[in-house]
Amino acid sequence: MAQANPNISETRPVIRQLDDAAINRIAAGEVVERPASAVKELAENAIDAGSTRIAIDIADGGKTLIRVTDDGCGISGKDLPLALSRHATSKIDGSDLLNIHTFGFRGEALPSLGAVGRLTITSRVSGAEAASIHVAGGKTDAVKPAALRAGTVVELRDLFFATPARLKFMRTDRAEAQAITDVVKRLAMAEPAITFTLRDVSGGGEGRVTFRADRENGDLFDALHARLAWVIGREFAENALQIDATREGIRLYGYAALPTYSRGAAVAQYLFVNGRPVRDKMLTGALRAAYFDFLSRDRHPAAALFIDCDPALVDVNVHPAKSEVRFRDPGVARGLIVSALRHTLAEAGHRASSTVANATLGAMRPEPALPPQPTPARVYQMDRPSSAARQVAYQAQAPGFAELSQDYSGSVVEPAPVATEEPPAQDLPLGAARGQVHENYIIAQNADGMVIVDQHAAHERLVYEKLKHQMAENGVAAQALLIPEIVELSDGDCARLMAVADDLSRLGLTLEPFGGGAIAVRETPAILGEVDARAMILDILDELADQGESQTVQARIEAILSRVACHGSVRSGRRMRAEEMNALLREMEATPHSGQCNHGRPTYVELKLADIERLFGRS
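Along each chain, numbering runs from 1 in the same order as the chain's sequence is written. In keeping with the model being predicted, local features are shown solely for residues with a pLDDT of at least 70 and side-chain atom pairs are shown and tallied solely at 80 or more, while totals for entire chains, interfaces and linings include all residues. In computing side-chain properties, one takes all heavy atoms of the structure into account and sets aside hydrogens as well as water.

Some points on the sheet that holds strand β11 (residues 250-257)
Spelled out, the test is: Any two strands between which DSSP finds at least two bridges are classified as paired. Helix and strand labels come from DSSP, where a helix needs a run of H or I of at least four residues and a strand needs a run of E of at least two; each type is numbered from the N terminus. The angle between two axes is taken between their N-to-C directions and runs from 0 to 180 degrees, where each axis is a line fitted to C-alpha atoms and a helix contributes only its stretch in contact.
The strand order across the open sheet built from five strands is β10-β11-β14-β12-β13, with neighbouring strands paired in mixed fashion. One side of each edge strand has no neighbouring strand; the edge strands of this open sheet are β10 (240-247) and β13 (276-278). The sheet shows a mean angle of 20° between the axes of neighbouring strands, direction not considered. Here strand β12 (residues 269-273) pairs with β13 via three bridges, running antiparallel.

Describing the packing of aromatic side chains
Rules: Classification of ring pairs uses Phe, Tyr and Trp, with its six-membered ring standing for Trp, and accepts pairs whose centres are within 6.5 Å; under 30 degrees between planes counts as stacked, over 60 as edge-to-face, and the remaining range as tilted. A simple rule labels every residue: compare its accessible area, found with a 1.4 Å probe on the protein chains alone, to the largest value its type can have, and call it buried under 20%, exposed over 50%, or partly exposed in between.
Tallied over the entire structure, the rule returns five aromatic pairs. Taking the centre distance of 6.2 Å and the plane angle of 80° together, the rings of Phe221 and Tyr253 count as edge-to-face. Placement of the pair is Phe221 in helix α7 (residues 220-231) and Tyr253 in strand β11, with a sequence separation of 32 residues. Across the pair, exposure class does not vary: Phe221 and Tyr253 are buried alike. Ring geometry for Phe272 versus Phe306: centroids 4.4 Å apart, planes at 5°, classification stacked.

Describing helix α10 (residues 330-347)
How we decide: What a helix should span is 1.5 Å times the count of its residues minus one.
If you check α10, its first and last C-alpha atoms are 26 Å apart, about what 18 residues at 1.5 Å a residue would give, namely 26 Å. Within the sequence span of α10, burial applies to Val332, Ala333, Arg334, Gly335, Leu336, Ile337, Val338, Ala340, Leu341, Thr344 and Leu345.

Considering the pattern of salt bridges
We count it as follows: For this document, the term salt bridge refers to a Lys or Arg side-chain nitrogen within 4 Å of an Asp or Glu carboxyl oxygen.
Per the stated rule, a full pass over the model turns up 23 salt bridges. Between Arg199 and Asp57 there is a salt bridge whose closest N-O contact spans 3.9 Å. With a gap of 142 residues between them, Arg199 in strand β8 (residues 195-200) and Asp57 in strand β1 (residues 53-59) connect regions that are remote in the sequence. Its relative accessible area of 25% is what places Arg199 among the partly exposed residues. Residues Asp448 and Lys608 are paired through a salt bridge, measuring 3.7 Å at the closest nitrogen-oxygen approach. One end of the pair, Asp448, is in the loop between β18 (441-445) and β19 (449-454); the other, Lys608, is in strand β23 (residues 604-608), with 160 residues separating them in the sequence. The class of Lys608 is partly exposed, set by a relative accessible area of 35%. The structure contains a network of salt bridges with shared partners spanning Asp57, Arg67, Glu155, Arg157 and Arg199.

Some words on the side chain of Gln269
To be explicit about the condition: As used in this structure description, the phrase polar contact means that two N or O atoms lie within 3.5 Å; if the pair is within protein, one of them must be able to donate a hydrogen and the other to accept it, and residues adjacent in sequence are counted only when both atoms belong to side chains. What makes two residues a contact is simply this: any of their non-hydrogen atoms within 4.5 Å.
Structurally, Gln269 is set in strand β12. Looking at Gln269, its side chain comes within polar contact range of the main-chain oxygen of Pro301, at 3.1 Å. Setting aside residues no more than four positions away along its own chain, Gln269 makes contact with Arg186, Thr284, Leu287, His300, Pro301 and Ala303.

So, the packing of helix α6 (residues 173-190) against α7
Keep this limit in mind: For classification, angles of less than 35 degrees are called roughly parallel, those exceeding 145 degrees roughly antiparallel, those between 65 and 115 degrees roughly perpendicular, and all remaining angles oblique. Two helices cross in a left-handed way if the nearer one is turned anticlockwise from the farther one by less than a right angle. They cross in a right-handed way if the turn is clockwise.
Across the interface, α6 lies against α7 with an axial gap of 9 Å and an inter-helix angle of 165°. Relative to α7, the element α6 lies roughly antiparallel. In the packing of α6 onto α7, the handedness of the crossing is right-handed. In this structure, α6 uses Lys185, Ala188 and Met189 to contact α7, whose residues at the interface are Leu224, Arg227, Leu228 and Val231.

What about the nonpolar core?
Here is the rule we go by: To form a nonpolar core, buried Ala, Val, Leu, Ile, Met, Phe, Trp, Tyr and Cys residues must be joined to one another through side-chain atoms within 4.5 Å.
Of all hydrophobic cores here, the largest spans 60 residues; its most connected members are Ile56, Leu119 and Phe196. Setting aside its immediate chain neighbours within four residues, Leu119 contacts Leu84, Leu110, Leu113, Gly114, Ile133, His134, Val135, Val154, Glu155 and Leu156. One finds Ala256, Leu258, Val278 and Phe327 within the second-largest nonpolar core, a separate group that totals 36 residues.

Here we look at the sheet that holds strand β22 (residues 518-525)
Across the sheet, three strands lie side by side as β20-β22-β21; this open sheet has antiparallel pairing. With partners counted over all chains shown, the strands left at the sheet margins are β20 (478-488) and β21 (510-513), one partner each. Ignoring strand direction, the axes of neighbouring strands in this sheet form an average angle of 20°. Across four bridges, the pairing between β21 and β22 is antiparallel.

Let's talk about the pairing of strand β3 (residues 118-124)
As judged from the six bridges shared by β3 and strand β4 (residues 131-136), these two strands associate in the antiparallel manner. Looking at β4, one finds that Ser123 is bridged to Ala131. Where β3 hands over to β4, the hairpin turn is made up of six residues, of which Gly127 adopts a positive phi near 85°. Here β3 runs beside strand β7 (residues 151-157); their pairing, made up of seven bridges, is antiparallel. Bridging from a neighbouring strand, Leu119 pairs with Leu156 of β7.

Considering the packing of helix α9 (residues 281-290) against α10
Threshold: Just so you know the grouping, Ala, Val, Leu, Ile, Met, Phe, Trp, Tyr, Cys and Pro go in nonpolar, Asp, Glu, Lys and Arg go in charged, and all remaining residues, Gly too, go in polar.
At a minimum axis separation of 9 Å, α9 and α10 run at an interaxial angle of 30°. Between α9 and α10, the angle is such that the two are roughly parallel. Both α9 and α10 take part in a crossing whose hand is right-handed. Contacts between α9 and α10 involve Met282, Leu283, Ala286, Leu287, Ala289 and Ala290 from the first element and Pro330, Ala333, Arg334, Ile337, Val338, Leu341, Arg342 and Leu345 from the second. Class assignment of the residues belonging to the contact of α9 with α10 gives a composition of 12 nonpolar, no polar and two charged.

Here we look at the environment of Arg251
Positionally, Arg251 belongs in strand β11. The class for Arg251 is partly exposed, based on a relative accessible area of 28%. Put simply, Arg251 and Phe306 are 55 residues apart on the chain and 8.0 Å apart in space, counted from C-alpha to C-alpha. Among residues more than four places away in sequence, those in contact with Arg251 are Leu220, Phe221, Asp244, Ala245, Thr246, Phe306, Ile307, Asp308 and Leu336. Within the structure, Arg251 has its side chain in polar contact with the side chain of Asp244 (distance 3.1 Å).

A closer look at unusual backbone geometry
Here Glu248, not a glycine, exhibits a phi torsion of approximately 50°, which is positive. Looking at the element boundaries, Glu248 is found in the loop between β10 and β11. In this model, Glu439 sits at a positive phi of 50°, which is unusual for a non-glycine residue. Along the chain, the position of Glu439 falls in the loop between β17 (432-437) and β18.

A look at the confidence of the model for the protein chain
Just so we agree on the cut-off: Per-residue confidence from the prediction method is given by pLDDT, with values spanning 0 to 100.
Confidence in the prediction of the protein chain, expressed as mean pLDDT, is 80, and 77% of residues score 70 or more. Low confidence marks residues 375-384, where pLDDT is under 50. Its contacts with residues over four positions away, or in another chain, come to eight contacts. For residues 396-409, every residue scores under 50 in pLDDT, and the model assigns this stretch seven contacts once sequence neighbours within four places are set aside.

Printed below as a string of structure tokens:
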């Protein structure tokens, strides 16, 4: 039964001009989504004012109080009413919306906040008296004298009191406070030269500091590295690689973590464009593509990347909250991220994350301590004996022990040293093989401690890298279909697919238009064997729609190479000779990405001698 359209009435609708209060409340729905949005807008205003210290106080997750205090240039008393007007800003003059060098420029934040909450601005410029203005629910009071030494204090109380329906969509105080902390951390990463303090004053009093980042000194990378270590964590900083590359007027710099330092979700990916924190699908897709060959689908890279370019090359005016950007040539930005990260990861060689060793040491917990004794526990201090001293000790012990020391199972008998210019194996990063345990793990000794290598995982990665190198040199062999497979698509999907036909052809997948929205699949990669061409085409289209590019064919080819490498590598359970183990270690040192297997797991663990001695109570 047909139902009446509720949008059609018998009376003709009348077009009305909304008043300023309604306009501001509507704008607030776009700009101020939650308390974290208000903190972001106010903190960015403080940064634009040239502040060196920004203090943020919140109560009840920002629902009842948000106070931002800065030491910036301030706002004069006569300009305070204008600051609360829509589209009034000191950031731009309106003549060029592409040449934007500040965080804010729309002039919507303050009037929007004043329309949905109780907003008070107190400010003082150099050489003038401080002044204050208050607005609640869109109703503005007169400017009043105030007491303030310098800078600006913006206080927002009872957010969304004028729009009670919005309060129903608020999350818990803890969730809203966490969202505010995330906003402040991102701004702190973008501005290492500014001191940020976040304080929770729920319940009154001075409250407690939930986040603080003091100003960092030094050059760009030193200050950034120190700030990232403080915000993201020391482990990230210790396992992050420095990035610095430029292409066609776009500069990429920052830090990206080793593949073995990966996360279970994309929670440690921070992207900035001209200093502005952004969440952009194209940029996150490029980051994912750069690690495509090193991480399984359920692992995510960690990185803090900054893109600097001429403001004319990027449009930041595509989202009310300025959280998205649009590049004039997105291909250049994406290609820069992928190539720079892959080049840096290749230069890292066999390096693996230090968190692997920390986890290993954590698993080697000592036996539970005995109840406290009245005397203090002893700390054992032992000098390391020389090899000659060890032999004397062996001779003095039970008969046959000296011989056993040289002939134990799985030991490596080193040949007599030969004069050579090469450094001793023990001084190399992965050291010299000393034995094999359970026919699967190589024990090596280097100058700093010991290395445990998973022989199967390590050799699998080496074979995989060789196969990829051979494929890159010789190309992907294609097999022609006896009868081309016709896939019917919409005109838009067909055009989108044919736009990347040349890229797919280099991977062995040859497509041709077949009239209308149909395409003909004439060749498929030979290494894949028999494939469902239609299913593959649809997967490619899904990736193109979601990410703007597709890794489907390459992923399937490299999955085959990975399986070939797995079957062609040294198997677990095989006993290896000394020269084989040392050859594997040397090849790992010379091969990029050998620190992790094809699934992102580590191929070796390095334990420092000091950590090993601590396990045994030595100092």
